[in-house]
Structures are given as structure tokens and as C-alpha cells.
Amino acid sequence: MSLFGLGSRNQKTFRPKKNAPSGSKGAQLQKHIDATLGSGNLREAVRLPPGEDINEWLAVNTVDFFNQVNILHGTLTEFCTPVNCPTMTAGPKYEYRWADGVTIKKPLEVSAPKYVEYLMDWIEAQLDDESIFPQKIGAPFPSNFHEVVKTIFKRLFRVYAHIYHTHFQKIVSLKEEAHLNTCFKHFVLFTWEFRLIDKGELAPLYDLVESILQ
């Protein structure tokens, strides 16, 4: 079944789905995620399983949320265009500019689809870097791992903020708002559980975030 009912028209815009890191350990944690999500209890699904390493849990979930946001935005590529979305905004008060601190140090004003493209390329580079997301079981995570994860989630939130502020009516017309809301609820509960996004960053969707956390 295709997300948002857009069928194969947009499949060329999708990136290949990333697999969980850390060998069979990551795969085992992925099974735990799938099983707990299947229960429908999202608050339970985000909690660190007893006896598991928090870095492993953050790593496998980072891949999972990257895939979710990637697919969600991928379904909107015919609506989220440089013409329709010339800047990466979340309502009239918030605009995001792109910088990765390496190749682009001065924040650039770019269209929303370009911002998302830069973001997904950047996240993919982090996920593929074994010094940040180790693939081998027992390999150490870097000392700045939590900061990298926080930056990834902060930027993924911006894609949700743009979708809700700019494209929500389109999603409603496609009768897929329930799916978006469930994905976002899962995202909010996870980032809240592990304090991954500062409160100020949540401002564009603060009322929605509050309603989820209550």
C-alpha cells in the first residue's frame, strides 16, 4: 500500500530505506520497535528496553525516524516545490536556513525541497560514518554521539513543522492526516523521553506537541 495514495509516481524521489546499524544487535532492537509499535502503545514503544544500551537504542531509532520523515516528505514532492515553497518555513514566524558547518558554514536561504535534500544527504552521511554510527557489535560510540543525534532530531522536526504549516490541507484532502499524526506523535514522545529537542525549537508546533504530551 502506498503512503498517501500517491502510488508509484513518486517512487523515483524516494531514497533507499536505511537499515538499522550495529549488526544483529540493531536488527534485534528493530524487531523490538516493530513489536511494541504493533501494540499501539507509543509511550511504551519509545522507552529504553530493560538492559539495553542507550546509544544502541538511540542509533536504531535515529535510522527509523530518518526513514519515516524521508518517506513522508517524499510523498509530497509534487506539492513541495521551489515554486510553491521558495523558503523553508514553518508558518509566518519561522524560517530555516541550511548550514552543515563543514561544506556550508554560512546559513543559506534555500527552498523547502532543497533544504530537505541537503538535510537528508547530511543525515545519510552521519548514518554511514562508522565513527559516529558504528556497525559492529560492541564498537564504541563517539563521545559527542548524543549531540549528533540531537542535531539530527532538531532538523527532522523542522520537516514536520513545514509539512504541518504548509501542506496539511493537502494531506487532509488525501485522507492521510491520521498517518502523519501518528508518525509525529511517535517522534514527539521519543524526543521527549530522551530530551533530544530543546523546548524553544518546538515553538512552531508547540500547541500540537503539548496536546501529545498531556
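The structure displayed is predicted, hence computed values, not measured ones.

**Observations concerning the pattern of salt bridges**
Considering all chains together, one arrives at 5 salt bridges under this definition. Across the pair glutamate 44 and arginine 47 runs a salt bridge, and its minimum N-O distance is 2.7 Å. According to the relative accessible area criterion, glutamate 44 is partly exposed, its value standing at 39%. Here lysine 114 makes a salt bridge to glutamate 117, at a shortest N to O gap of 3.5 Å. Taken together, the positions of lysine 114 and glutamate 117, both in helix α4 (residues 112–128) and 3 residues apart, correspond to about one turn of that helix. The exposure class of lysine 114 is partly exposed, given its relative accessible area of 31%. Judged by relative accessible area, glutamate 117 falls into the partly exposed class, the value being 37%. Beyond isolated ion pairs, a larger network of salt bridges with shared partners links Glu95, Arg97 and Glu109.

**Quick word on unusual backbone geometry**
Phi angles above zero are rare outside glycine, and lysine 175 is one such case at about 60 degrees. The phi torsion at arginine 195 lies on the positive side, around 50 degrees, for a residue other than glycine. Looking at where arginine 195 falls in the secondary structure, it is placed in the loop between α6 (177–193) and α7 (206–213). Taking relative accessible area as the criterion, arginine 195 reaches 53% and is therefore assigned exposed.

**A few points about α6**
Quick reminder: α-helices carry 3.6 residues per turn. Residues three or four places apart thus point the same way. Relative to the 24 Å expected for 17 residues at 1.5 Å per residue, α6 spans 24 Å between its end C-alpha atoms, a close match to the ideal helical length. For α6, the complete set of buried residues consists of Leu180, Cys183, Phe184, His186, Phe187, Val188, Leu189, Phe190 and Thr191. Backbone geometry just downstream of α6 places arginine 195 in the positive-phi region, at approximately 50 degrees.

**Concerning the packing of aromatic side chains**
Centre-to-centre distance and the angle between the planes together describe a pair of aromatic rings. Scanning the model with the defined rule gives 17 aromatic pairs in all. Here phenylalanine 65 and phenylalanine 190 contribute two aromatic rings whose centre-to-centre distance is 5.3 Å and whose plane-to-plane angle is 40 degrees, an arrangement assigned as tilted. Placement of phenylalanine 65 in helix α3 (residues 54–74) and of phenylalanine 190 in helix α6 is noted, with a sequence separation of 125 residues between them. For the residue pair phenylalanine 65 and phenylalanine 190, the accessibility class agrees, reading buried in each case.

**Here we look at the environment of arginine 155**
Relative to the elements of secondary structure, arginine 155 occurs in helix α5 (residues 145–173). As for arginine 155 and glutamate 201, which are separated by 46 residues in sequence, their C-alpha atoms are 9.4 Å apart. Residue contacts for arginine 155: discarding those within four places in its chain leaves Trp98, Ala99, Asp100, Tyr115, Leu119 and Trp122.

**Comments concerning the confidence of the model for the chain**
Mean pLDDT over the chain works out to 86, with 81% of the residues at or above the 70 mark. Of all secondary-structure elements in the chain, the lowest mean pLDDT belongs to helix α1 (residues 23–38), at 60, while strand β1 (residues 88–89) reaches the highest, 98. Contacts for the low-pLDDT stretch residues 1–15, under 50 throughout, to residues beyond four places or in other chains number 32 contacts.

The rules behind these values
Residues numbered from 1 in each chain as written. Predicted model: local features only at pLDDT ≥ 70, side-chain atom pairs only at ≥ 80, totals over all residues. Heavy atoms only, no water. Salt bridge = Lys/Arg side-chain N within 4 Å of Asp/Glu carboxyl O. Buried < 20%, exposed > 50% of the residue type's maximum accessible area, 1.4 Å probe, protein only. Helix = DSSP H or I, 4+ residues; strand = E, 2+ residues; numbered from the N terminus. Expected span 1.5 Å × (residues − 1). Phe/Tyr/Trp six-rings, centres within 6.5 Å; stacked < 30°, edge-to-face > 60°. Contact = heavy atoms within 4.5 Å. pLDDT = per-residue confidence, 0-100.

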